[in-house]
Amino acid sequence: MQKTIRILSGLLAANLLLAAGCSAPDPEPEAAPAYTPAETEASEESVPETAPEETRPPLELPEADFGGAPFRISCFDGTNSVPTIQPEELTGEAVNDAIYNRNTMLSEKYNFVFEAVPYGTDYSAHSREITAMVHAGDDAYEMIYGHVVGTCNNAILGNYMNLYDLPYLNFTAPWWPAQSVDEMTIYGKMFTITGSATYSQLAAAKVVFFNKDLSAQFGLDDPYELVRNGEWTIDALIDRTKNIYQDLNGDGNRDPDDLYGYGTHPMQNGFFVSTDTPILSRTEDGGKEISVMTDRTVALVEKLYSWYYESGSVYLKSSVADPNGYAERFATGHTVYSFGHITHAPAYYRDSEISYGILPQPKYDTAQEKYIAFACPSLFSVPITCQNTELAGFVFEAMTFYGYFDIIPVYYETTLKGKIADAPDDVEMLEIVNDALTVSFAYCYDNWEGFAHFLSGTVMNFTDTGGNKDVASVFAKRNKIAQKRLDRCLKAFQGE
């Protein structure tokens, strides 16, 4: 509850800051009038005060002057990723302006220049370019913001620094996602990480949405209390949805116009992470080993199979051509609960007529200690050719600190349609998700050769026609190539 109060206080201050720069605060950022530079130019001190000082620990960075040096970031999928790192201008959109103001404050205070360099959407080509840069000894970037698979492939090629060797990075601080840091650290090394320098990891987090009106209509208990009490489990989600189906159009067929208890696509792997069903496990020496073939895995797969394909209450009609069909069904009130990413809220639900809530993905059972929020966005790394490591570490730490306190809360607000005062429960849920964010070493370093995408095209099909729940046969067919991939990754972390 104290965390929720911190966020609400931060948002109030954020709204006051924005109101000071324009004629009125904007509850619907997409419809906001454009700001003029005179109205929106933030002072050096204004942005850090977005959240009250007493709610945050100090940022322990020394005074510094980097003499106008460029902080250069190569950004995969640049059209989409560059604005999350370095917007071109103030636009009146709340998150855009919070990022712009943070960067302006930092660059003016510490005398450096942000240079976010866009790259296209071919992650393999981006990875090859980084490798060529490293082989040429080219000091072209202080940071790489790369595709999750491509970045990790670069890491095992030796292209990136051990982030623990960079100055100023305090990975024990609350603004770094603790579960992600632990997960991506192998043999005491970490070559790539995500975090609150951008809101992208939170936006990519896999969650469960629910329709508040339909939930009440079916007499379902308050899911928020289940989350708070540690009782939000995969069985709880299944029990709330497995008996819900209505043939709304009366044609006798289960089709998109009917009402279902749950909507998803069967290949989403988030439940493996949220239920703490490991693909790989930590070894005593700090490495990883394949551990997917367990009773827990078999039980989870069989549970999902029965729910998806036998209950008749799950909408699965998504396809490669229409991967987000389930989100569109939720937006039109055709599913009570739905799998989703947080980014679906502004993309699909902001302008819909539904009243929705956001929940973390469920735990395996009540014995599981923590909620785990799986998100694999682009990842940050520092190339071994970077010469100005002082600048790289300093700016990365500062971006992450101010992102955590001054940008993530604003993203909460825009995600919830600017109605924070009407949705304190959902703010609390978003905080639970944000504090439980984790990437997965197994997924990031898998390169589609291991067991990370265990459901994809093996146990489950990307259709509603059924799948193969024989975990043992899938394991037997994949184990050799999966072990070979893992051995290659571990060798790279052991290094010299």
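Residues numbered from 1 in each chain as written. Predicted model: local features only at pLDDT ≥ 70, side-chain atom pairs only at ≥ 80, totals over all residues. Heavy atoms only, no water.

Chemist: What's the story with the layout of surface pockets in this structure? I'm lost.
Modeler: Where empty space is left in the structure can be found by rolling a water-sized probe over the atoms. Empty space within the largest pocket amounts to approximately 1500 Å³. Residue lining of the largest pocket: 43 residues in total, with S200, A204, T343, C376 and P377 positioned closest to the centre. Counting only elements with at least two residues in the lining of the largest pocket, the list comes to α3 (78-85), α4 (94-110), α6 (148-156), α8 (200-204), β10 (335-341) and α16 (389-415). Looking at the lining of the largest pocket, the element that brings in the most residues is α3, giving 5 residues. Tallied by class, the residues present in the lining of the largest pocket amount to 22 nonpolar, 16 polar and 5 charged. Of the voids in this model, the second largest pocket is the one considered here, and its volume is about 480 Å³. For the second largest pocket, the lining is made up of 22 residues, of which E183, V273, D276, I372 and T438 are closest to its centre. Of all the secondary structure elements, the ones that give two or more residues to the lining of the second largest pocket are α7 (178-184), α12 (270-274), β7 (280-282) and α18 (441-444). Considered class by class, the residues forming the lining of the second largest pocket number 9 nonpolar, 6 polar and 7 charged. (1 Å grid on protein atoms, 1.4 Å probe; cavity = no way out; pocket = protein on both sides within 12 Å on 5 of 7 lines; lining within 4 Å. Points joined across faces, edges and corners; volume = space filled by probe spheres on them. Helix = DSSP H or I, 4+ residues; strand = E, 2+ residues; numbered from the N terminus. Nonpolar A, V, L, I, M, F, W, Y, C, P; charged D, E, K, R; others polar.)

Chemist: What exactly am I supposed to notice about the side chain of T275 here?
Modeler: By the secondary structure assignment, T275 is in the loop between α12 and β7. Among the polar contacts made by the side chain of T275, one reaches the side chain of T277 at a distance of 2.8 Å. Setting aside chain neighbours within four positions, we find T275 in contact with I234, R296, L300, P362, K363, Y364 and Q368. (Polar contact = N/O pair within 3.5 Å; in protein donor to acceptor, adjacent residues only side chain to side chain. Contact = heavy atoms within 4.5 Å.)

Chemist: Help me understand the environment of A367, please; the structure alone is not making it clear to me.
Modeler: Checked against the element boundaries, A367 lands in the loop between β11 (356-360) and β12 (373-374). For A367 and G230, which are 137 residues apart along the polypeptide, the C-alpha to C-alpha distance reads 8.8 Å.

Chemist: Explanation requested: the sheet that holds strand β2 (residues 112-118) in the structure shown.
Modeler: Pairing between sheet strands relies on hydrogen bonds along the backbone, with the strands arranged either parallel or antiparallel. Pairing is mixed across the open sheet formed by 4 strands, whose spatial order is β2-β1-β3-β13. Looking at the sheet topology across the chains shown, the edges are occupied by β2 and β13 (379-381). On average, adjacent strands in this sheet sit at an angle of 20° to one another, irrespective of strand direction. In this structure, strand β1 (residues 69-75) lies alongside strand β3 (residues 143-146), joined through 3 bridges in parallel fashion. Within β3, the residue paired with I73 across the bridge is M143. Here helix α5 (residues 123-135) sits on the sheet in contact with β1 and β3, set at roughly 160° to β3. (Pairing = 2+ DSSP bridges. Axes fitted to C-alpha atoms, helices over the stretch in contact; angles between N-to-C directions.)

Without other data, these values stay purely geometric and don't point to any function.
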